[in-house]
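One-letter residues, chain by chain:
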Amino acid sequence: MKIPHCSELRTKIYTRAQELPDTWSAALPTGHPLQKQLLLQQEAIVFENVRPMYVAVYAGNQLLVLTFFQLLHLREHHVAAAKMKRWQQRLWRVFSRIRKPRLLVSGHLFRHDFGAVFIPEPVPAFEGFKGYRQALKLAARKTSADAILIKDPPTDFHPLLQHFMPQYRLLPGDISMELTLPESWQTMSDYEGLLKHKYAQRLRNIRKAGSPLDVRSLDAAQVEQEAAAIHQLYEQVAQNQPVRLGFLSPDYLPHLKTSFPESFQVWGFYEDDTLVAFASAWQRGTVLDMFYIGFAYERNRDRQLYFNILFFAVEQAILLRCEKIIFGRTALEAKARLGARPQYLHTFLHIRNPVARALVDQLQTALAETEGDWESRHPFK
């Protein structure tokens, strides 16, 4: 198809889903996450220091791309100072308080499965990319962003970003751990039978520690009822992370369970009727995509809550006849011990301020050193 010259690109920016015209949703497939009704539902959940932006780019009358951004106002608590060296702590404290930096995220801060870029079928990938690049520039200018994070872009964009936007650096070590389940696995015994002796022994010890736990699948009403306890458990885990790009709202998980009662699963782990851990996941066909978890750190040592959550996910995936579990980006070594293998992702970052850029480089190095020797973990026989 013939696309007008890029100088003729026309951009429309919206700061609220309510402003989106009917033509926005009409261009999208049914059920696409950028559908106006779904965006309105999402905006009903207020996230601290986060606001959305929606951009449509046209070449003449031809729609090239629809895209979604989130602007995060970074504050001191978004980075765990305890995980940094003393001079880094002082530098971040001064920079965050004086500059009050803004991070523009192309994508969704809290989900990796959110299609934040849509290119209509007749538009070639490169033309869509040119429209996307225009949207990115204008959004960064309008928000006065200090840094821009391109999270989970379309696969076709990976080489284009590296070639045409070299100032955006591919983040090293951006890895999601995934476990492929053979069709022969019918029960956890089948999984255990394939583990090497020390890993099988470890599995038995962890599950023995968690045997007093009562695991319950929670419906929407129960998730709403336990919302405060769930959020408190989530915060215990979130506050322990070295970098926290935004925090979930207490009503976010109840909202998802109400909106997606079949595909979004939430389980509560109870000890003497007290909620001590929870896990959530998306079930999409034959894939179990683990989402947010939380647990009480004071009970973790005795009940091995974190590892019991991981093994529970394996058991659920087997029962649901899933072919794959997506465990996500954190705790690589722990997930490698289960047999999960790395899926290398593409996230790009551009930081305008050289001081902030140097600080992030240092922090990335420190984080890589804390991941452990996950590459040497080979639990299967």
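Before reading on, note that the structure itself is shown above.
Residues numbered from 1 in each chain as written. Predicted model: local features only at pLDDT ≥ 70, side-chain atom pairs only at ≥ 80, totals over all residues. Heavy atoms only, no water.

Caption draft 1: Main features of the packing of aromatic side chains. Per the stated rule, a full pass over the model turns up 25 aromatic pairs. On the numbers, 6.3 Å between centres and 45° between planes, the contact of F129 with F164 is tilted. Here F164 lies in helix 5 (residues 157–164) and F129 lies in helix 4 (residues 125–143), a separation of 35 residues in the sequence. For F129, a relative accessible area of 0% translates into the label buried. Of the residues examined, F164 reaches a relative accessible area of 37% and is grouped as partly exposed. Look at F295 and Y297: their rings are 4.8 Å apart centre to centre, the planes differ by 35°, and that puts the pair in the tilted class. Using a relative accessible area of 33% as the deciding quantity, one classes Y297 as partly exposed. Chaining the aromatic ring pairs together yields one cluster made of Y234, F260, F264, W282, F291 and Y292. In this structure, R10 is placed above the aromatic ring of Y58, and the distance from its NZ or CZ to the ring centre is 4.6 Å. Over the ring of F307 we find R202; its NZ or CZ atom is 4.4 Å from the centre of that ring. (Phe/Tyr/Trp six-rings, centres within 6.5 Å; stacked < 30°, edge-to-face > 60°. Helix = DSSP H or I, 4+ residues; strand = E, 2+ residues; numbered from the N terminus. Buried < 20%, exposed > 50% of the residue type's maximum accessible area, 1.4 Å probe, protein only. Lys NZ or Arg CZ within 6 Å of the ring centre and 35° of its normal.)

Caption draft 2: Just the pairing of strand 15 (residues 347–351), in detail. Most of strand 15 sits inside the fold, with five of its five residues counted as buried. By the alternation rule, side chains of strand 15 split into T347, L349 and I351 and F348 and H350, which are all buried. Note that strand 6 (residues 147–151) and strand 15 share five bridges and pair antiparallel. Residue I148 lies in a different strand from strand 15, and its bridge partner there is H350. Bridge analysis of strand 7 (residues 169–170) against strand 15 gives two bridges, and the strand direction is antiparallel. Across the sheet, L170 pairs through a bridge with F348, a residue of strand 15. (Pairing = 2+ DSSP bridges.)

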